[in-house]
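Inside the fold
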Amino acid sequence: MSRTEHTPNDTDLDRTLAAPKVATKRRSEPLDAAEVADAAITAALVVALLAAGRILASGSLFQVFAAFVVAVLAARRRTRAVVIATCAAASIALILGGLGPVSQAALAGVFGWCGGISLRREWGRLRTIAFSLLLAWPAMSFSVLFFYPAVAINGKLRTLVFENIENQANGFGNIITNVGSLFGSLRLSFIERAANWADGALESTSSFLIDNWLLLIPATEFIYTVIYALAIRGVGGAILRRLDKALVEPAPLSLQPGDHADPLPIQIAGIALKRNGTTVTVPLHLEINPGEHIVVEGPNGAGKSTLLDALAGIDNHDAVIRSGTVGLGSFGGTARVGQRPEAQVVGTTVEEDLRWGLDTPIDLTATLADVGLALPPDRPTSELSGGELQRLALASALRREPKLLLADEVTSMLDPEEQVRITNRLDALRDTAVVRTTHRNDAAATDRRIVLTSANPKPAVTPVEATELRTITSSVAESRLLRLRDVGFTHNPTQPWAHEVLAGVNLSVHRYEMLMIEGRNGSGKTTLARILAGLAKPSAGKIEEAKGLKRALAHQHVRLQLLRPTVSVELHSLAGIRADGKEPSADAERHATRVENLRTTIDLFALQHLLGRRIDELSGGEQRRVLLAGLVARGVSLLVLDEPLAGLDASGRTELASTLDRVRLAGTSIIVVSHDIDWAPPHVDQRLRLTNGRLEELRP
Amino acid sequence: MSRSQTFFRPVPVDSPVHRLAPETKVVAGIVISVGLVFNPLWSHVLFAAALVIATFVLANLPRSVLPKIPLIVRFALFGGAIGAAASGKEPFVIGIGVGGLLDYARLIVVGIVMILWAGILSWTTGLTAVGFAVRRLLRPLRHIGVPVEEIGSVVALAVRSLPLVANEIDVVNESVTNRPSPADLSDKPMREAFSYIGDISTAVIIGSHRRARDLATAMVSRGSTTAPDPKRPDFRRIDIAVLIVAFAMCVAAFLVPGWPQIGN
């Protein structure tokens, strides 16, 4: 067994990061994969926002949000992507809602594009408005006048709409005059006069609207244009800066030609890692020949995944020397399975996922059995557990009979037995060169080992002293916070999708306790989490709640719950205190307690050094710590965490465990709801399992 | 469970409408809407309404699929009806002018017909299948240089991301409503509210762009940005019959004078 170590040296290559944000591509070139994905998500967001706007009262605000979303796309991607995203959003809107939503989608597209271009060019306010007036105003006026064939070409729907406006004006005018004359008969003639005046005003307004519609449509569009241009310019810039901080770069990502793929031999000389806005180079020299098996070890952040992405040809293009083509994803080329299981899925069903990108017919059962899975082909991928997803992704990689297989922590979510099986399966590949990363010591004797050392030593999270926790658990009072008795829940009870998700659930939560509820996806655990957090009402059974109990739910994607830009502002906002340090005139005492509360929470969660940082610069674990601290400071005494384990590696789990300990030290009870049945945080008082809507206790 | 989600889910029952090819349903819906918008006379409106209701019954859909109308919309509809009724427009029935109410009803029915058709489509087909249908329908346009494959992939991918994205919007919405408004905690409420709007959009956009990046990497790793085509639905005689009826209705809207004639 050969073993080599590589330590990074700090080389500041910041200038390479400041390269132009928008990929320089020719206008008429087809969209690459990254652009397709961005356009698709933008289209989905626009449609979802317009749909939400139809349901909720503040609908027009959602239309402005839709324009922001398009503006962000336009500022980061080519116009081609914007046009295609708008077309896609419009066609989905047409199917779901008819012609009205189509024009809203077009409006978001046109105004968003103009605003996005101005943002990209960093134009001032006047220039932005001028640009929008030059392009968006005529476009929108034209489309409203002529796109609706009913309005301009054909007068019949227009006549109907106008008659309705006239009727409404006449009707309400009649009501007002009648009421007015009633007052008139009571000798309150000034009210009668006012009523007659209002009637006249209504009727003249409606006839003004109807007579001048040809001018009024461009006039309203003019006002819209100015409002949208100003709103996008004011808010869009901030959104873009925060996207950059969150390191979501608009990197180009193209499909690679699959013919005659010949990825090996391959040489790699140094990989560049991006860490907090700076670039660090790992001086790594490596040559991989056909059939070789290489195991890459090292802690998180040492560049294991970046190394695999470089070998796959999707990162660090300059560092790699190869004679042939990579052929990523093609038959007999390179296959890559990334780290987070949810991020590897492309298909909505098992069958679609396995067939994605393969033209040849495929024996589903055999392909799945190869990795130890037995799943029906029409099983939605959204219902699979992390371990099942990992094996599904591996199955589609193996199905391609690759010359080079890149596997990033592909067994991290499996139980020990299955891990050995999969590792042996990979070791048995003779014609395939395998490069896999691992944080376990499971390299076979024949493997070549490469050890990467950490590129940025993380500030160690100080573990909570075990003795501190013991004093708390031993002092568990018989103070019950929440009790569920025979709780049941039926989704959409009056609708055809009605199905019973929960039945006869009994559960008590006491102060200082930590419970863990496990259950497969689809077992009703998200519903239970929402009921426990007080966000949903059960359709059967009773809930007894301690007086003044505050409950909260922390979602799987923490970022969605963190709204303000910096840690300090966010914590103040969550705790309900002014961030500028001023005291409110009323309720000074309560304010003082809250401030004190927040201060102790910040100390307890060790957030002092993060206070000035921007939310989007934080790691996922740090973001969760901020959210939980904020909720604790708000006075939440029962915290429900929905799927906190998703996408975490081993060190992420340790970090989560330590954060949970801090929450408990603050005196808050915790319920962890998870589909991962292989791992529970330490210090859990009770483990329960949810199967088909029924809850049972697990004996440890 | 998201409020917006129920609208996008197929109802698990079987019916002749479920078995129609998705393309048929999409095209028929669009064609009928175009006809209606072009000539919304009572005769045409009632005929279209009858057709949509018949389809709804045939589709074996329970009445409970219909979404609840929000209170504010009900109030608006009711208020509009009062205004229309008070206009006292001819014709008179027992001395009361019902013309305004009739005009109003006609406009509302046109709207309901269009929304109900979209509902039937999503309840009997499922959005993923609709996405594929749009992709197949657009394909002929490639001969005139429209980037059909790209639009088709984007539509199919967008449609499958829709439930997740709608769910994320709900989560953000929930965290907005569950915390005190920052405008109340500031001396400059307007400015604070404005930047809060930016914060909320950022939360939604960052989440979805991360998702887009993951999706792109996953697609590149599989060597394709297009979902594998599902088995092409069979076009049967019933599909052709439905399309003939839809097109006939559209043509009739343009050619048949209908009743009652209105001005212009």
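Residues numbered from 1 in each chain as written. Chains lettered and ligands numbered in written order. Predicted model: local features only at pLDDT ≥ 70, side-chain atom pairs only at ≥ 80, totals over all residues. Heavy atoms only, no water.

**Quick notes on the overall build of chain A**
Basically, it comes down to this: The way it works is that DSSP assigns letters per residue, a run of H or I at least four long becomes a helix, a run of E at least two long becomes a strand, and they are numbered from the N terminus. Per-residue accessibility, obtained with a 1.4 Å probe over protein chains only, is compared with the maximum for each type, and a residue is labelled buried under 20%, exposed over 50%, and partly exposed between these values. Contacts are assigned to residue pairs with any non-hydrogen atoms lying within 4.5 Å of each other. Using a 1.4 Å probe, accessible areas were evaluated by the Shrake-Rupley method; residue-level cover was limited to the displayed protein chains.
Scanning chain A for helices and strands turns up 20 helices and 18 strands. Burial statistics for chain A: of 700 residues in total, 53% are counted as buried. A separation of at least 24 residues holds for 74% of the contacts in chain A among residues at least 6 apart in sequence. If you sum the accessible surface of chain A, you get close to 30,500 Å²; carbon and sulfur atoms cover 55% of it.

**Some details on a nonpolar patch on the surface**
All names here are of chain B. Condition: Residues form patches when they are more than 30% accessible in relative terms and have no salt bridge. Like charges link within 9 Å. Nonpolar side chains (Val, Leu, Ile, Met, Phe, Trp, Tyr) link within 5 Å. Salt bridges are identified by distance alone: a Lys or Arg side-chain nitrogen within 4 Å of an Asp or Glu carboxyl oxygen.
Together, Ile30, Val34, Val251, Phe254, Leu255 and Val256 give the surface a local cluster of nonpolar side chains, amounting to about 490 Å² of exposed area. Mapped onto the nonpolar patch, the elements with two or more residues apiece are helix H2 (22-38) and helix H9 (237-255). With three residues, H9 is the largest single contributor of residues to the nonpolar patch. Among the structural elements, Phe254 can be located in helix H9. We classify Phe254 as partly exposed; its relative accessible area is 40%.

**Let's talk about unusual backbone geometry**
Across residues other than glycine, the phi torsion is negative in most instances, and most of the peptide bonds are trans. All names here are of chain A. Backbone geometry places Asp486, a non-glycine residue, at a positive phi of 50°. Even without glycine at this site, Ala606 takes up a positive phi of about 50°. Topologically, Ala606 is positioned in the loop between helix H18 (588-604) and helix H19 (620-633). Ala606 gets classed as partly exposed once you look at its relative accessible area, which sits at 28%.

**Focus on the packing of helix H7 (residues 156-185) of chain A against helix H8 (residues 189-211) of chain A**
Helices that pack against each other are described as a pair by the angle of their axes relative to one another and the distance between those axes. Residue and element names in this part refer to chain A. Short version of the rule: Axis definition: a line fitted to C-alpha atoms, over the contacting stretch in the case of helices. Angles run 0 to 180 degrees between N-to-C directions. Should an angle fall under 35 degrees it is called roughly parallel, over 145 degrees roughly antiparallel, and 65 to 115 degrees roughly perpendicular, with every other angle called oblique. Basically, the charged four are Asp, Glu, Lys and Arg, the nonpolar ten are Ala, Val, Leu, Ile, Met, Phe, Trp, Tyr, Cys and Pro, and anything else, Gly included, counts as polar.
Two elements in contact, H7 and H8, have axes whose closest approach is 7 Å; the angle formed by their N-to-C orientations is 175°. By the angle class used here, H7 and H8 are roughly antiparallel. Per-class residue counts for the contact of H7 with H8 are 11 nonpolar, nine polar and four charged.

**A word on the packing of aromatic side chains**
Residues and elements named next belong to chain A. Rule in force here: Planes of paired rings set the category: under 30 degrees apart is stacked, over 60 is edge-to-face and the rest tilted, where pairs are Phe, Tyr or Trp rings (Trp by its six-membered ring) whose centres lie within 6.5 Å.
Taken as a whole, this structure holds eight aromatic pairs over all chains when the rule is applied. Measuring from ring centre to ring centre gives 5.9 Å for Phe62 and Phe65, while their planes differ by 75°; the resulting arrangement is edge-to-face. One end of the pair, Phe62, and the other, Phe65, are both in helix H3 (residues 59-76), three residues apart, so they sit about a helical turn from each other. Judged by relative accessible area, which is 6%, Phe62 ranks as buried. A relative accessible area of 10% places Phe65 in the buried class.

**Digging into the interface of chain B and chain A**
Every contact between the two is made by 112 residues of chain B and, on the other side, 113 residues of chain A. Inspection of the chain B/chain A interface yields five salt bridges. Contributing elements (two or more residues each) for the side of chain B that touches chain A: H2, helix H4 (71-86), helix H5 (99-125), helix H6 (127-138), helix H7 (148-177) and helix H8 (189-222) of chain B. Sorting elements by how many residues they give to the side of chain B that touches chain A places H8(B) first, with 29 residues. By residue class, the composition of the side of chain B that touches chain A is 63 nonpolar, 30 polar and 19 charged.

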